Every structure is written in C-alpha cells, then in structure tokens.
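Residue-level structure breakdown
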Amino acid sequence: LPILGSGAPDFEYTFCEEFDGDDTMGDIDLLTLADMAGFLAPPQDTGDFTITYHETSIEAQNDANAITDAIYTATDGDVLFIRIENTATGCVRDLSSVTFTIESRPLVNGASAITLCADDPGINGIPDQDTATFDLTQQNDAITGGAPGISVVYYLSEEDAIAMQNPIATPEMYVNISDPQTIYARAINSASECESTDVISFDIMVEPLPF
C-alpha cells in the first residue's frame, strides 16, 4: 500500500487567496498538490502513483467521478477525498481527505516619491550630487495603510518583485544607484506569508547640495 505522510489521513493544506481582499476562494493545481501537501511519506515518488480527487468518500472508494480538471477552485473549508493507487501493484489507499484553508493577501496602496539632499561631501568641496541614503521603510504605512501584521518587501526591478526574488537587504539604509530611480514593493502578511497580488512602485530622487 502507499505509505501516507504526516498528517494522514485527514490532511490540511493552507494557501493564499486568488485575489487581494477576498479570502474565500483560490485555485489549486491538483497535479502538484500531493507533493506540496506531503500526501506520501518519503522516499516515495508521486510519479509512481495514480492520485485522484473526489467530492465524496464513497466516490473515492469506488474510483468514481474523479475531478478531471487540473485546476480546482476551492473555497475556504472545502474538503476533497483522495484515492492513491500504486501504479505498479494496484494497491490503493482511499480513506484520506484534504481540507483547504485559504489565507488573505494584504491590500496595497500607492506611495509618493521620496526626495533627499545628496549626502556625499565629495572631493575638493565638490559634492557627489547623485546619491543619498534612503530609508525606504518610511513608505510602509502608506503602502499597507497601517494594517497590523503586514510588512513590506522592496525590490530593484518589477521582474524581481513579481518573482519575489532578490529583495533589497537593508531598505532602511538604501543608497540609490541612479537618479531618479524607481523602487518596487509588495506587502506580505507576516503570519501567513501571503504576498499582495499587486506590485506598487515609487521614485526616489536626489537634490544637489550647494557648493
């Protein structure tokens, strides 16, 4: 028989909602769900099993009316019944279920540009007029609306923000690399780790010092 992972037979799977501000529904990829939720104990490979999902336990036991769509739209609290068959032996586990919990994504607001005076005194009294040290975190409240438990992650490019990779390591002491420069940000729910769907941007600009 397939050996089930921890949490069996009543698995729980938590994921982020599809849209900001509505934590009642979201889409699940049933082709990858078994790996993401750990239905099978290692070192078993899900590729060695036929895994189907059903709306009732009787259907799972009888291998009837399996959900055929790869993407399943779940609502908070939905339960699916799981049938796992060893493809080589035909041995079946059909007494498992998975309950979905959907966490909300934070909403984000736009933020105004930040303008600072150049902070480098330069050489021979001629300052470097193009760089300053910015505290990007001063935008947190504007972006999150001051909502509790919501943090902000800042990025140098929209591509990184969309992929959620290469965040700015020290946003409270960020030195710009061009003038002006566009900064990108996403909000994140600190408890659920769900990120905002939307990416917002704002400019940082440096004003010259007199010399």
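Residues numbered from 1 in each chain as written. Predicted model: local features only at pLDDT ≥ 70, side-chain atom pairs only at ≥ 80, totals over all residues. Heavy atoms only, no water.

Ranked by size, the top nonpolar core spans 21 residues in total, and within it Tyr13, Ile28, Leu33, Phe39, Tyr53, Val98 and Phe100 carry the most contacts. The set of elements that each furnish at least two residues to this core consists of strand S1 (10-16), helix H1 (30-37), strand S3 (49-54), strand S4 (71-75), strand S5 (79-86) and strand S6 (92-103). It is H1 that provides the largest number of residues to this core, a total of four residues. If sequence neighbours within four positions are ignored, Phe100 has contacts with Tyr13, Phe15, Ile28, Leu33, Tyr72, Ala74, Thr75, Asp76, Gly77, Asp78 and Leu80. Val108, Ile183, Ala185 and Ile204 belong to the second-largest nonpolar core, a separate cluster that totals 19 residues. (Core = buried A, V, L, I, M, F, W, Y, C linked by side-chain atoms within 4.5 Å. Buried < 20%, exposed > 50% of the residue type's maximum accessible area, 1.4 Å probe, protein only. Helix = DSSP H or I, 4+ residues; strand = E, 2+ residues; numbered from the N terminus. Contact = heavy atoms within 4.5 Å.)

Turning next to the sheet that holds S1. Strand order in the open sheet formed by four strands is S1-S6-S5-S3, with mixed pairing between adjacent strands. Strands at the two margins of the open sheet, each flanked by one partner only, are S1 and S3. Going from strand to strand, the sheet's axes swing by 30° on average, the running direction of each strand aside. Bridging between S5 and S6 involves six bridges; their strand directions are antiparallel. Bridge pairing in S6 links Phe81 to Ser97. (Pairing = 2+ DSSP bridges. Axes fitted to C-alpha atoms, helices over the stretch in contact; angles between N-to-C directions.)

Before going further, it helps to spend a moment on the pattern of salt bridges. Scanning the entire structure with this criterion turns up two salt bridges. A salt bridge links Asp63 to Arg83, with the nearest nitrogen and oxygen atoms 3.7 Å apart. One end of the pair, Asp63, is in the loop between helix H2 (57-62) and S4; the other, Arg83, is in strand S5, and 20 residues separate them in sequence. The class of Arg83 is buried, set by a relative accessible area of 12%. A salt bridge links Arg83 to Glu85, with the nearest nitrogen and oxygen atoms 3.0 Å apart. Overlapping salt bridges, with partners in common, bring together Asp63, Arg83 and Glu85 in one network. (Salt bridge = Lys/Arg side-chain N within 4 Å of Asp/Glu carboxyl O.)

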